[in-house]
Amino acid sequence: MALGPVEPANQPMGHEPRNQESRPVDFSFDAEVEAFREEVRGFFREELSEERTRGHFDPRDLTGFDEAFERAHQRRAGERGYLGISAPSEFGGGGRPLSFQAAFGFEAAYHEAPCVDTAMTLVGAVMQGFGSAEQKVEYLPQMIRGEILMSIGYSEATAGSDLSGIAMRARLLDDGFELEGTKTLVTGAHKAEVMCLIARTDPDVPTRQGSSLFLVDLSLPGVEIERRATLNGWTLCDVHFRGVHVERKALLGELHGGWQQMAAALTSERSQLFHVGWAARDVDDLIQHCRSHERGGRLLCEDPFVRRELSRLRVEVHVALRFAKRVIWLQDQGRIPGHEAATAKLYATELLQRVAATGSSILGPHAALARGAHLAPLGGRMGWARLERIHGTISVGSNELQRSAIAQMGLGMPRNA
Amino acid sequence: MDLSLNPEQQALRAEVREFLTQNTELAELLIAERSETHYDEELFRAFARRGWLQFGLPGFAGGVLELCLVLEEVGRSACPGPFQNGAVQCGLLLGALANQEQRGDWLAPLLDGRRRASLCVLEADGQLAPSSILLRAEPVDGGFELSGLKQLVPYAGTADEFYVVARTRDGGPGEDCMSLLRVEARLEGIHIRPQRGVFDDGAGAVEFCRVRVGGEALVGELHRVWPVLEDQLLVAAVALCAEMNGGAQAALDLAVAHARQREQFGRPVGAFQAVAHRAADCLVEVDACRLAVAEAASRIDAGLDFAEAASAAKALCAVAYPSVTAAAHQIHGGVGYYEDSRLHLYTRRAEAMAQALGDASHHLERIACLWAPLPGRIARRDTGDSTWT
């Protein structure tokens, strides 16, 4: 799987190549993307080697690593030009098609590197789309070099899937804005320098017409960050803003134009190929495990249930991959994916849940052991995954929203009441 | 990466669709299915004469991808006829196994609809495995004498000739004991009993009682056709999947059209999330299948290894087609249960096609043989653990 070694080395069966002069449907990445992937794989293998990571594990962080490791790792990825591989070259980006960025995301996930949520993947699109010339000069080079961590503040207690419920205020002052409110479910705010958030700048009109985006320095007075443990051990943040005074230049894009900008930024790289990276890794590891472990006197991979279920997962990983590739293909041509992006997100996040469920049932009772527990199969990965995969179907547009989007955009169904 | 069809392919699809749309009203299809031949022979010949069943065969223009485009339209129209078993499967086998002379004499008339053939593989246990093939063909006087019973042979009653997979010697499960023989359908000793299915494709059980054929009836190498048969039927499975996808898409289209116009509780039923989300899940399934088929077909055409891609396609479609028709019924409510709705055309076909050329379990096991060959079973190819491109 593994978006894997380029081509299986075996013989084609039975068929002479036909249609070679033009191959109209072709799912393989271009040779340049493949070469890039190969290079990135080498990078991650070295970066995530035991001697590099020893002593840096931190179960309180989503990435599983401590901040020092994450920062050093992202810097090295930045030095090689990986973080901004698809960003414009004027700010130090690689200027390559989005397929490069997606491929990097896949490999980062496959190798479990703390390189999936970077300043670029979180804030890059909105910054490139709507940042002022000064903001771009100030932030983009640092983001691309991996020298800064950022976070996203959209959700609030009253605003989950329906972001029009945001209550956070940004009062217009003569010399800037005053922020008041609380952002919830924020990933990585405890270590980030900057948060990109949305707040209401005109409370007298609906949210869609009266909200703005801000880039807020999290070290400002009045910002309080509260780490809140998730059920899987790592923490999200509640970030409180109490009379936080920001300068005018903290505004990102147009005043009152935040809603539209936020929506537009969501049309950035949307393949979510990194989900597939996690799924491919899980399935590859399960296959490896079943080929080398016995139960009841025979290898697990000789058990009919294991054979069928792991083959099914393999098929489904390939489906997820094709859904993601379809999005990449559309985006690389400058087209905006509709139901295709929703399909990729929906399918991959639900697949991750199936992988964890099936994987656990294949591994047996030991699968429920925690990560790192004594004699836990696959190092306790499946038990961890059972809990970890819960949130993928909820965050970044719950899968209910994705299904509605597919029904409306892909099938022309009426808008739901 | 390029997922678009070229202008010729788009034109081909439009042409086939137009041809079929004009000839496949529900009433016409039901008359054809219930007729003595179980399909409209005139229509099938007119279709075949256009050269649409020659794609994907050596010596003819176009590839399996073109064949899939054509068959997807067949599936959408629900037109009955020996498209798969009679034309595609027999065609692929002759293309891969027949010598020059046999190709000229047998393949061309088959593909342009002049002759009607049926491929006879399955027997009592319905499994696509050499150990399940018990029909014997003994060498006699430079020819063969066939005895045994083939089952689920589509359009058995109208076939001019049978291509019969037969055991020509003893030994083990028999991967290297199988031969392919061409048998004229009207020979003495052949008895056909109808096996009417929920979709009536004229299937029959064909009994061969000491049926004699000459040495020239042998297609391909004596005793050694099984590996070729397996490979070619895998290509044929991709073609079958294309027809299934066309049907699944058509069933979904019917359901969506219904959900948009049918009002209950003061609004279109499609405005209820429970309905819209089920339809969305159908589109995800159909899209997954179409992309899987496109990838498998393009790998075949490019001469790449396609074993996993093809089995994946059938494993997916075998589940998706019945699942989409089931959802389409739920969305339709009562009106979809009547025979005067087109929906049952797809529902009934889905049942038959999910099983043909191996069901989901069969193909998942074939995939398992790629990542974990069983001891004692010949691993024909090992793709290693990482088989993505």
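Residues numbered from 1 in each chain as written. Chains lettered and ligands numbered in written order. Predicted model: local features only at pLDDT ≥ 70, side-chain atom pairs only at ≥ 80, totals over all residues.

1. Some words on the domain arrangement of chain B
Residues and elements named next belong to chain B. The domains assigned to chain B are domain 1 (7–115), domain 2 (118–219) and domain 3 (226–371). Placing a centre on the C-alpha atoms of domain 1 and another on those of domain 2 gives a separation of 23 Å. On the side of domain 2, 14 residues touch domain 1, which itself brings 16 residues to the contact. Within the residue set of the side of domain 1 that touches domain 2, elements represented by two or more residues are α5 (83–97) and α6 (100–111). In terms of residue count, the dominant contributor to the side of domain 1 that touches domain 2 is α5 (7 residues). Its residues assigned to classes, the side of domain 1 that touches domain 2 comprises 8 nonpolar, 6 polar and 2 charged. (Domains from an automatic or database assignment. Contact = placed C-beta atoms within 7 Å. Helix = DSSP H or I, 4+ residues; strand = E, 2+ residues; numbered from the N terminus. Nonpolar A, V, L, I, M, F, W, Y, C, P; charged D, E, K, R; others polar.)

2. A word on helix α5 (residues 119–130) of chain A
All names here are of chain A. With 12 residues, α5 extends 15 Å from end C-alpha to end C-alpha; this agrees with the ideal 16 Å at 1.5 Å per step. With 10 of 12 residues buried, α5 lies mostly within the body of the structure. Residues Ala119, Met120, Thr121, Leu122, Val123, Gly124, Val126, Met127, Gln128 and Phe130 constitute the buried set of α5. (Expected span 1.5 Å × (residues − 1). Buried ≥ 20, exposed ≤ 12 C-beta atoms within 10 Å, placed from the backbone.)

3. Thoughts on the environment of Val205(A)
Note on placement: Val205(A) falls in the loop between β4 (194–200) and β5 (211–217). Measuring from C-alpha to C-alpha, the distance between Val205(A) and Thr358(A) comes to 49 Å, with 153 residues separating the pair along the chain.

4. A few points about the packing of α5(A) against helix α6 (residues 133–145) of chain A
Residues and elements named next belong to chain A. In contact at an axis separation of 10 Å, α5 and α6 are set at 155° when each is read in the N-to-C sense. Taken together, the axes of α5 and α6 are roughly antiparallel relative to one another. Pair α5 / α6 crosses with left-handed handedness. The residues of α6 that touch α5, namely those facing Ala119, Met120, Gly124 and Met127, are Gln135, Lys136, Tyr139, Leu140, Met143 and Ile144. Its residues assigned to classes, the contact of α5 with α6 comprises 7 nonpolar, 2 polar and 1 charged. (Axes fitted to C-alpha atoms, helices over the stretch in contact; angles between N-to-C directions. Parallel < 35°, antiparallel > 145°, perpendicular 65-115°, else oblique. Left-handed = near helix turned anticlockwise from the far one by under 90°.)

5. Some remarks on the domain arrangement of chain A
Residue and element names in this part refer to chain A. The domain boundaries assigned to chain A delineate domain 1 (31–148), domain 2 (151–256) and domain 3 (273–411). Relative placement of domain 1 and domain 3: their C-alpha centres are 23 Å apart. Between domain 1 and domain 3, the contact holds 11 residues from the first and 11 residues from the second. The residue makeup of the side of domain 1 that touches domain 3, split by class, is 8 nonpolar, 2 polar and 1 charged.

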